[in-house]
Amino acid sequence: MSKALYYKYMFMVAGIGYILAAVIFGVLAPTVSAFLPFFLGKTTVSQIWVWLYSYLLVILSLGFMHFLVGLDITKNHLVISTGMLFKISQFIVWLVIYLKNLSNLPLLIVGIVDLVFAALFIEFFVNYKKLDPTDIVLAYPVRKES
């Protein structure tokens, strides 16, 4: 598999993963009483819903933008930078919350997955200029019009 095709699928997987996570959290959080305590480790307060759904809208938006990057890796590099900063800062916040014993291990594991994707995005920036233009063209075949 060429690097360009790998990056295409990486951004699409990151985007689809964020979209699915936002939808799953958005649906399961209010319907399954044990869902949020499983991640947060504490009983939830009523004010958390405004913040939860605001956060999930951000996640959904970032997922959509990462999927768009996957459609053409030559564009939207500021979205990738934003995603990297978000993923790294999100991991740091979740690590601090975990170390203060305010959440459970599953939330930290989700943060570690984000940290891995942030590292993959950094690797994309390091290697993007080295990509062969032919590989980029082959990763995005153009349909011939009839």
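## Describing the overall build of the chain
Logical step 1: Along the chain, the regular secondary structure elements total six helices and zero strands.
Logical step 2: Put simply, the chain has 146 residues, and 35% of those count as buried.
Logical step 3: Excluding contacts between residues fewer than 6 apart, the proportion of contacts in the chain whose partners are at least 24 apart in sequence is 74%.

## Topic: the environment of Gly15
Logical step 1: One can find Gly15 in helix α1 (residues 3-31).
Logical step 2: You can call Gly15 buried: its relative accessible area is 0%.
Logical step 3: Separated by 52 residues in sequence, Gly15 and Phe67 have C-alpha atoms that sit 4.5 Å apart.

## Some thoughts on the environment of Val113
Logical step 1: Mapping Val113 onto the fold places it in helix α5 (residues 105-127).
Logical step 2: Under the relative-accessibility criterion, Val113 is labelled partly exposed at 43%.
Logical step 3: When the C-alpha atoms of Val113 and Lys87 are compared, they prove to be 9.1 Å apart, with 26 residues separating the residues in sequence.

## Regarding the nonpolar core
A general tendency of soluble globular proteins is for nonpolar side chains to be buried together.
Logical step 1: Grouped together as the largest cluster of nonpolar side chains are 18 residues, with contacts concentrated most on Tyr7, Met10, Phe11, Ile73, Phe121 and Phe124.
Logical step 2: If you list the elements that add at least two residues to this core, you get α1, α4 (77-99), α5 and α6 (133-139).
Logical step 3: Tallying contributions element by element places α1 first for this core, with five residues.
Logical step 4: Counting residues in each nonpolar core, the second largest holds nine residues, with Phe25, Ala29, Ile59 and Leu62 among its members.

## Brief notes about the confidence of the model for the chain
Logical step 1: Per-residue pLDDT for the chain has a mean of 85; in total, 89% of the residues score no lower than 70.
Logical step 2: The spread of mean pLDDT over the elements of the chain runs between helix α2 (residues 35-40), the lowest at 68, and α4, the highest at 92.

## Some words on a nonpolar patch on the surface
Logical step 1: Taken together, the side chains of Ile88, Ile92, Val96, Leu115, Ile122 and Val126 make up a nonpolar region of the molecular surface, amounting to roughly 460 Å² of accessible area.
Logical step 2: Relative to the elements of secondary structure, Leu115 occurs in helix α5.
Logical step 3: Classification of Leu115 by relative accessible area gives partly exposed; the value is 32%.

## What to know about the pattern of salt bridges
Logical step 1: Per the stated rule, a full pass over the model turns up three salt bridges.
Logical step 2: For the salt bridge of Lys75 with Asp72, the shortest nitrogen-to-oxygen distance reads 3.7 Å.
Logical step 3: With a relative accessible area of 22%, Asp72 lands in the partly exposed category.
Logical step 4: With a closest N to O distance of 3.5 Å, Lys87 and Asp114 form a salt bridge. Taken together, the positions of Lys87 in helix α4 and Asp114 in helix α5 put the pair 27 residues apart, joining distant regions of the chain.
Logical step 5: Given a relative accessible area of 6%, Asp114 falls into the buried group.

## What to know about the side chain of Lys87
Logical step 1: Residue class for Lys87 comes out buried when judged on its relative accessible area of 1%.
Logical step 2: Once residues lying within four places of it in the same chain are set aside, the contact partners of Lys87 are Tyr18, His66, Asp114, Phe117, Ala118 and Phe121.

## Observations regarding α4
In an α-helix, one full turn covers 3.6 residues, which means residues spaced three or four apart are oriented alike.
Logical step 1: Taking 1.5 Å of rise per residue, the 23 residues of α4 would be expected to cover 33 Å, and the 33 Å separating its terminal C-alpha atoms lies within 8% of that figure.
Logical step 2: For α4, every residue scored as buried is listed here: His77, Val79, Ile80, Gly83, Met84, Phe86, Lys87, Gln90, Phe91 and Trp94.
Logical step 3: Looking at the packing, one finds that the buried side of α4 touches α1, α3 (48-71) and α5.
Logical step 4: Among the residues trailing α4, Asn101 stands out with phi positive, at a value near 65 degrees.

So, how was this worked out
Residues numbered from 1 in each chain as written. Predicted model: local features only at pLDDT ≥ 70, side-chain atom pairs only at ≥ 80, totals over all residues. Heavy atoms only, no water. Helix = DSSP H or I, 4+ residues; strand = E, 2+ residues; numbered from the N terminus. Buried < 20%, exposed > 50% of the residue type's maximum accessible area, 1.4 Å probe, protein only. Contact = heavy atoms within 4.5 Å. Core = buried A, V, L, I, M, F, W, Y, C linked by side-chain atoms within 4.5 Å. pLDDT = per-residue confidence, 0-100. Patch = residues over 30% accessible without salt bridge, like charges linked within 9 Å, V, L, I, M, F, W, Y side chains within 5 Å. Areas by Shrake-Rupley, 256 points an atom, 1.4 Å probe, with all protein chains shown as cover. Salt bridge = Lys/Arg side-chain N within 4 Å of Asp/Glu carboxyl O. Expected span 1.5 Å × (residues − 1).

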